[in-house]
Amino acid sequence: MKLFTNLFLLFLLLNFKAYTQSKDSSNLIVGATLNYRELNTIKEKLFLKDFNYLTPANAAKQSRVHPKPTVWNWQQIDDFITFSKKHNLQVRLHGPISPQASKWVKEDHRTIEELETNMIEFTTAFAKKFNKEPTVKWMDVVNETILPNGKWFGPKKGTNKWENPWLKIGLDDNGCPLYILKAFEIATKYATNIKLVYNHNAGMESFMWDKVKETILYIRSKGYRVDGIGWQAHIGLSASTKAILENTDEELRKLSDLIGWAHKNNLEFHITELDYFVKDNNKLSEEHQKQAEIYAKIVNILREKIKSGVVTLNFWDMAVRTKKGKEGAFHSIYDSDFKPTPAYKAINLLSKN
């Protein structure tokens, strides 16, 4: 079985190399994420070896840039911009309005007026600042707005849970969250040089993606710009993405259909945070092979879809990532010793060419 998998990956790579030399190759952009602490480390060297598309992890999020009501600190993301200029990189800023909010914003006593003022100030400052940066090609405007069951993702009690405080601002007459409309209104006005992405999480649930599609078309009907859809793709992390492990071909068919819908509606499609969650380290070799097979199938879909529009693929982290309080780890294209995993072999000809 292992021999078959390796031959299959080799077949994909050889055919993809020939394909990326065609006129459509510019439609596929592949990159990875770096955390601020990873600059000037082996991860930076590995990134520069393979990629010229960068997502600066959490450095552009509100929790880093605007950690307290009267405090603004752009230093980390400014350093990334300097880094991107030095190495001629394309950058997607993951600094959206959604759960990526400062802890003080999530305090339960915040009023609608306070939340709206804060959201407008942050989004406006963000859009104006980075619109002048030629390396910044995309920005996530909103993120994780809808639950897998199709309901809007909203606030929770306290500040220690994953929540979306902005829904408290309210809905318009057609049931669309006001914060989403206002965020895209501001980005449309002030980020004229940047492509605007509606980023999202979870799996391929129809209820959820139908609502994303409906919301994007509604935003556009208001005269605001949406240039792309993002899918985070943390495979195996939650019940919604475990379906990709259990019913791979059917779930990836839905992904293919979603990309097709995006391109038909003049939207780019961005896989923004691809990684693979492994709970049991004792099965790591088996899981790495499964990861490689799934990544190869995703690549095959992208190979087909670049004929009809722009697709980007971003690996969230490049090696092994753990999360405090969570058993297991997120795996990417290098192992804990920074040696290529089988998944790397499935994508290494999609990098710089």
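Reading the values: the criteria
Residues numbered from 1 in each chain as written. Predicted model: local features only at pLDDT ≥ 70, side-chain atom pairs only at ≥ 80, totals over all residues. Heavy atoms only, no water. Salt bridge = Lys/Arg side-chain N within 4 Å of Asp/Glu carboxyl O. Helix = DSSP H or I, 4+ residues; strand = E, 2+ residues; numbered from the N terminus. Buried < 20%, exposed > 50% of the residue type's maximum accessible area, 1.4 Å probe, protein only. Axes fitted to C-alpha atoms, helices over the stretch in contact; angles between N-to-C directions. Parallel < 35°, antiparallel > 145°, perpendicular 65-115°, else oblique. Left-handed = near helix turned anticlockwise from the far one by under 90°. Contact = heavy atoms within 4.5 Å. Nonpolar A, V, L, I, M, F, W, Y, C, P; charged D, E, K, R; others polar. Pairing = 2+ DSSP bridges. Right-handed = clockwise from strand over helix to strand, strands pointing away.

Caption draft 1: Main features of the pattern of salt bridges. Applying the stated rule across the entire model yields 17 salt bridges. The partner of E250 in a salt bridge is R253, with the nearest N and O atoms 2.6 Å apart. Of this pair, E250 and R253 are both found in helix α9 (residues 248-264), 3 residues apart, which corresponds to roughly one turn of the helix. Classification of E250 as partly exposed rests on a relative accessible area of 30%. For D257, the salt bridge goes to R253, with nearest N and O atoms at 2.7 Å. With D257 and R253 both in helix α9, this residue pair falls 4 residues apart, about one helical turn. Classification of D257 as partly exposed rests on a relative accessible area of 44%.

Caption draft 2: Focus on the packing of α9 against helix α10 (residues 284-305). One way to put it is that α9 packs onto α10 with a least axis distance of 10 Å and a crossing angle of 30°. Compared by their axis directions, α9 and α10 come out roughly parallel. Between α9 and α10 lies a crossing of right-handed hand. Contact with α9, carried on its side by T248, D249, L252, L255, S256, I259, G260 and H263, involves K290, I294, K297, I298, I301, L302 and K305 of α10 and no other residues of that element. Along the lines of polarity and charge, the residues of the contact of α9 with α10 split into 7 nonpolar, 4 polar and 4 charged.

Caption draft 3: Spatial organisation of the pairing of strand β9 (residues 311-315). Buried residues dominate β9, accounting for 5 of its 5 residues. Side chains V311, L313 and F315 project from β9 onto one buried face, and the interleaved T312 and N314 project onto a second face that is buried too. Relative to β9, strand β8 (residues 268-278) runs parallel, the two being bridged by 4 bridges. Paired with I271 across the bridge in β9 is L313. Handedness of the β-α-β unit built from β8, α10 and β9 comes out right-handed.

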